[in-house]
Amino acid sequence: MTTLTKPPASKAAPAKKAPSGLFDPKMLLTSLPDALKKLDPRVMMKNPVMFVVEVGAVVSTVLAFTDSSVFVWLIVIWLWLTTIFANLAEAVAEGRGKAQADTLRRAKTETTARRLKADGIEEEVAATALQLGDRVVVEAGQIIPGDGDVVEGVASVDESAITGESAPVIRESGGDRSAVTGGTKVLSDRIVVQITTKPGESFIDRMIALVEGASRQKTPNEIALNILLASLTIVFLLATVTLPPFANYAGSEISTVILVALLVCLIPTTIGALLSAIGIAGMDRLVQRNVLAMSGRAVEAAGDVNTLLLDKTGTITLGNRQASEFIPLGDVSETELADAAQLSSLADETPEGRSIVVLAKTQYGLRERHTGELPHATFVEFTAQTRMSGVDVDGLQIRKGAAGAVSAWIQSHGGTVEADLGNVVDGISASGGTPLVVASSKDGAVRALGVIHLKDVVKEGMRERFDQMRAMGIRTVMITGDNPLTAQAIAEEAGVDDFLAEATPEDKMALIKKEQEGGRLVAMTGDGTNDAPALAQADVGVAMNSGTSAAKEAGNMVDLDSNPTKLIEIVEIGKQLLITRGSLTTFSIANDVAKYFAILPALFAATYPGLDKLNIMRLESAESAILSAVIFNALVIVALVPLALRGVRYKPSSASAMLRRNLLIYGVGGLVSPFIGIKLIDLLISVIPGIG
Amino acid sequence: MSDTAAGLLQVGLLVLLLAAAYRPFGGYMARVYSSEKDNRVEKVTYKLLGVDSKADQTWAVYARSVLAFSAVGVILLYLLQRFQAQLPLSLGLPNVEQGSAFNTAASFVSNTNWQGYVPEVTMGHLVQFAGLAVQNFVSAAVGIVVAIALIRGFSRSKTDRLGNFWVDLIRTVLRVLLPIAVVGTLVLVAMGVVQNFSGMHEVTTVAGQTQNIPGGPVASQEIIKELGTNGGGFYNANSAHPFENPNPLSDIFEIFLLLVIPVCLTRTFGVMVKDKKQGYAILGAMGTIWALFTFSATFFENQGAGTAARAAGAAMEGKETRFGEWASALFATSTTGTSTGAVNSMHDSYTALGGGTALFHMMLGEVTPGGTGSGLYGMLVLAVLAVFVAGLMVGRTPEYLRKKITAREMKLVSLYILTTPAIVLIGTAIAMGLETARASILNTGGPHGFSEVLYAFTSAGNNNGSAFAGISANTLFYNTALGLAMLLGRFVPMMLVLALAGSFAKQQPVPVTQGTLPTHKALFVTMLVGVVLIVTGLTYFPAITLGPLAEGL
């Protein structure tokens, strides 16, 4: 597992990505041609609600020629605008993806590959001609011609073309860091890569298709919502087409154009127009955070996740154990111990060794000495045989290492090991930490000075995040190879709900299956080949980009930053996507009440004067009332485009609290706002001759 | 005692009676449908019918059983009427004309009990008790068992079995309806409702003319008419007739009877899905709307728009003085909210807005609290719809009672909410477009005439059965159109509900967490009320505007 060394990318999205969450009004203009192209009925058919609007617009246009008036033409114009606005929403959402795709395309410039033939001789071929299983040589300065695994050598690779991250990463044969992506650049050394994807199906190709929305399919929930919207459309279609016979009986005539206007106002155009933009924007928000979802289905599933499996190392804790405490023995002072520990660790370049020097400095103010300051010192390197490291300086010998090894060293030098030492060591082990014993030998006096407590350090803010998760109803399970004792200690410190200790890939798989049998949805991250089955089994499997291609194939998302903590953000984006859909649906339906109050009195108050009492907005005239409702209906689409793209604000909280908030804003707001909006529009347009 | 005090006392008594019955009766019904044991009478019945009581049916088989049973019911009832004169106990009445016979058969089998005829001069005793009374029991039972199947869809998991229609049906009749009917009949008789087998009595009216009034088994008809939310009266005047509903006490008792099963079924539901609060939430939504409409109807009637009514102090035309405004409005709201359609006053004579309230109440789809069974399943379908939208708003793909609402479930729910408006609106539009159909309207030209036709189709499509009089519905057009509306309005939704039940039963339940939308709290009840009023209500708003609103504003 790689070590996490930088903050989550969301906070510092690379500058070259398409503009993030923010909505730029200029995009409305630039996307206009695309929006007009989408007026093609074959495209419109995919969106039943807006298709009805388009058919209505066509019918009204035809009728406007025979029954021409300012009012009718204005209705016709606004009906077309409604359709165009809907297409514009989708086009803007897609446009943002296109910018991203262009960046990626640049990375996909024609390259030639140095293919290795069976006899080991190189030949030059076009990158596009590479087949599965081909082996190619890539050297410093060259572009890797296709996706594959390193089978020979080690190299540093610049992957900024896809991740936006300029720091090079190491790719080596074997192990979990063997996958390379076509289009990335080798900075040093030479590697042999075995190609694992067919031309045209490479990672970059898929990325381009994804961000452009070309391979976008409706997600299950989107289909369900579309069914509901279609049926509401039919219901209102019925309510409208049955109106003429009813009105005729009352002795009033309703023109078809007005009927179309009524229909368009009633059917759920707001959500119908924005639905696909919401979906595209949801995928886009993931891309902004450098996560590629292979399907919208996975994003939706992320919102539903019940259980998060998180690897301990790198996700919950910082990569390595660190010194947290010096525990002196007998009459040794803490400072003495710290001094000895620091001395013995000066030459120790492991993260553990560095952490001892740092602790001595921060807690005891011991200045870091450089090896050069001690000319007489001989440093003893750590070896697997001695399991100790240390220093010999001016007759003083200091040794630091595992309890058993240091005890043996003390005894072999004629010292005795006190019972105290055993107690301290056992205590640290029991708490999940690792004890390192420090001993010294000077002038024949051999003794144990004390113990260094090494422990896993939980990343900052994890406990709060897990608390939030719990409030959202998500259970967190920590996965670790540690023994149960150690695991429990860290689990408690980090505040996860459960842990799986001494976990093998099989255990992980079994845990996922068990959770799923209980109806739970499971999300996990992984990078190794042995994670692949579990990634495939999980409902949301996020593969690290640094991982093997097997892992990336198996998961349904890839995190380009290889930051396992991001799983939490992915869940939030999934939820936000669904909340946006639900809120705008509620808003759209609630809008209808006001539109009735605008249009119905306008239609029938002439026949039944009592109905004028329904005109509670006191709209100027029948024409202005109907036109205002139609205009409001169209403008609300444009007004909500930014919200659809950005997503409804999401704050982790319980379902009750979220429902209360959203119902208040989008339900009650949806009821009230059109009354105000329609009235304002009416005030404006009533100055038009023939309307007011 | 003032009218208001008396009215409030009546409402209070009614609520008290229902509250007392809620737990014991709801729990009893849950046991009836969960029990593995058959009693002796049932065992004999199964043997006679050749039913394997242990066989569990899939939704499709369950649905086929519902349809087959009901089809046989329609045919038998039709034949009984068509050959009435040749059969005994006809009271000398002739065979029923075929359009009317079809309409009546459809009406009673679909639990609508729309009566396009005048009962006391059309149906003899045999048709009354062997045909209509039988359907009063079994059509109510069919509604209940479909609701039970839907409950099982929620409570069961990973199975395609929903129970056995025949077992459920027979248990409903034998263990639920019959015992209450027997006891209830005695109570009604004690309250003064007629129960005999006598023929026509010639009486001299106050005006000095003579009138023929038949006696008959009125109380035994009356009890199931209310209990089964049927509504088909023994007399044309229905529960306004003193032989059916003699006094305020019998009036409250009858309202209690028509509400008791739909109300208590929410308890049965809560018990069977092992979460009683869910039952309270559904009841809460039903009760809120019912109270809202009761208040509106009472308000409009007491206010009594119109000069004549103002002079009289209230709109008393078409109402019985022994009940008054409050009890009439209470009955009207309860009967239109339960698909009963029995009346103790003439809805046609209500003030425009009062009558409109009754009309709009039916348009909500008979879910407040609805017909026996049909009210519960109707409200549950709307709850699924509310959950779908509300669930999205909490950031999860929606789930109700631990079952996911996917595209398949939404398809069925969408078709369900589409069916009744389609029947009502298209039916009314055809009627308003046809010269012959318009000729039946007695109040020509004005919005009231339109309201009458709209009321008829709303009543038929929603299986209510009450009528705005003032329209001659016993014509070929109305008998056929309304007959079809009743059958489609009953059985299409039922099939969709059973399919939905099957779909839910197959699912693996999802665990309840903090992130799950709570469907037992006031917030969700509010949302559900909103969905019922806006989604179903908005559909009819233009039509309502041209009817009651045009007339009343």
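Data block above holds the structure.
Reading the values: rules and limits
- Residues numbered from 1 in each chain as written.
- Chains lettered and ligands numbered in written order.
- Predicted model: local features only at pLDDT ≥ 70, side-chain atom pairs only at ≥ 80, totals over all residues.
- Heavy atoms only, no water.
- Patch = residues over 30% accessible without salt bridge, like charges linked within 9 Å, V, L, I, M, F, W, Y side chains within 5 Å.
- Areas by Shrake-Rupley, 256 points an atom, 1.4 Å probe, with all protein chains shown as cover.
- Salt bridge = Lys/Arg side-chain N within 4 Å of Asp/Glu carboxyl O.
- Lys, Arg positive; Asp, Glu negative; His and termini not counted.
- Charge placed at Lys NZ, Arg CZ, Asp CG, Glu CD.
- Helix = DSSP H or I, 4+ residues; strand = E, 2+ residues; numbered from the N terminus.
- Buried < 20%, exposed > 50% of the residue type's maximum accessible area, 1.4 Å probe, protein only.
- Contact = heavy atoms within 4.5 Å.
- Buried area = accessible area lost by both parts, 1.4 Å probe.
- Core = buried A, V, L, I, M, F, W, Y, C linked by side-chain atoms within 4.5 Å.
- Pairing = 2+ DSSP bridges.
- Axes fitted to C-alpha atoms, helices over the stretch in contact; angles between N-to-C directions.
- Left-handed = near helix turned anticlockwise from the far one by under 90°.
- Nonpolar A, V, L, I, M, F, W, Y, C, P; charged D, E, K, R; others polar.

1. As for a positive patch on the surface
Residues and elements named next belong to chain A. Side chains of Arg646, Arg649, Lys651 and Arg661 sit close together on the surface and give a patch of like positive charge. Along the polypeptide, Lys651 turns up in the loop between helix 24 (622-646) and helix 25 (655-685). Judged by relative accessible area, Lys651 falls into the exposed class, the value being 61%.

2. Remarks on the interface of chain A and chain B
Many descriptions give the size of an interface as the accessible area lost when the pieces come together. Of the residues lining the interface, 63 residues belong to chain A; the matching set on chain B comes to 59 residues. Between chain A and chain B, roughly 5,100 Å² of surface is buried when both sides are summed, and carbon and sulfur atoms account for 76% of that area. Three residues, Phe246, Tyr249 and Leu659 of chain A, lead the burial of chain A against chain B; their summed loss comes to 16% of the area buried on that side. Across the contact surface, chain A and chain B share one salt bridge. Between Lys404 of chain B and Asp304 of chain A there is a salt bridge, and its shortest N-O distance comes to 3.0 Å.

3. Details of the nonpolar core
Of all hydrophobic cores here, the largest spans 308 residues; its most connected members are Leu308, Met557 and Leu603 of chain A together with Val66, Ile282, Tyr400 and Leu528 of chain B. The element best represented in this core is helix 23 (residues 566-604) of chain A, accounting for 20 residues. Look past the residues within four positions of Met557 of chain A in its chain and what remains in contact with it is Leu286, Val291, Leu292, Ala293, Ala298, Val299, Ala302, Val540, Gly541, Val542, Ala543 and Ile570 of chain A. The next biggest cluster of nonpolar side chains, apart from the first, holds 24 residues, and it includes Phe326, Val332, Leu374 and Val438 of chain A.

4. Points about the pairing of strand 4 (residues 210-214) of chain B
Residue and element names in this part refer to chain B. As judged from the five bridges shared by strand 3 (residues 200-204) and strand 4, these two strands associate in the antiparallel manner. Bridge pairing in strand 4 links Glu202 to Asn212. Turn length for the strand 3-strand 4 hairpin, with the two strands adjacent in sequence and antiparallel, is five residues, and the turn residue Gly208 shows positive phi of about 95 degrees.

5. Here we look at the packing of helix 12 (residues 352-363) of chain B against helix 16 (residues 447-461) of chain B
The axes of two packed helices give the description: the angle between them and the distance between them. Residues and elements named next belong to chain B. Closest axis-to-axis distance for the helix 12/helix 16 pair is 9 Å, and the angle between their directions is 35 degrees. Crossing of helix 12 against helix 16: the hand is left-handed. Where helix 12 approaches helix 16, its residues Ala358, Leu359, Met362 and Met363 are matched on the opposing element by Leu454, Tyr455, Thr458 and Ser459. Counted by class, the contact of helix 12 with helix 16 contains six nonpolar, two polar and no charged residues.

That's the geometry; what it means functionally is another story.
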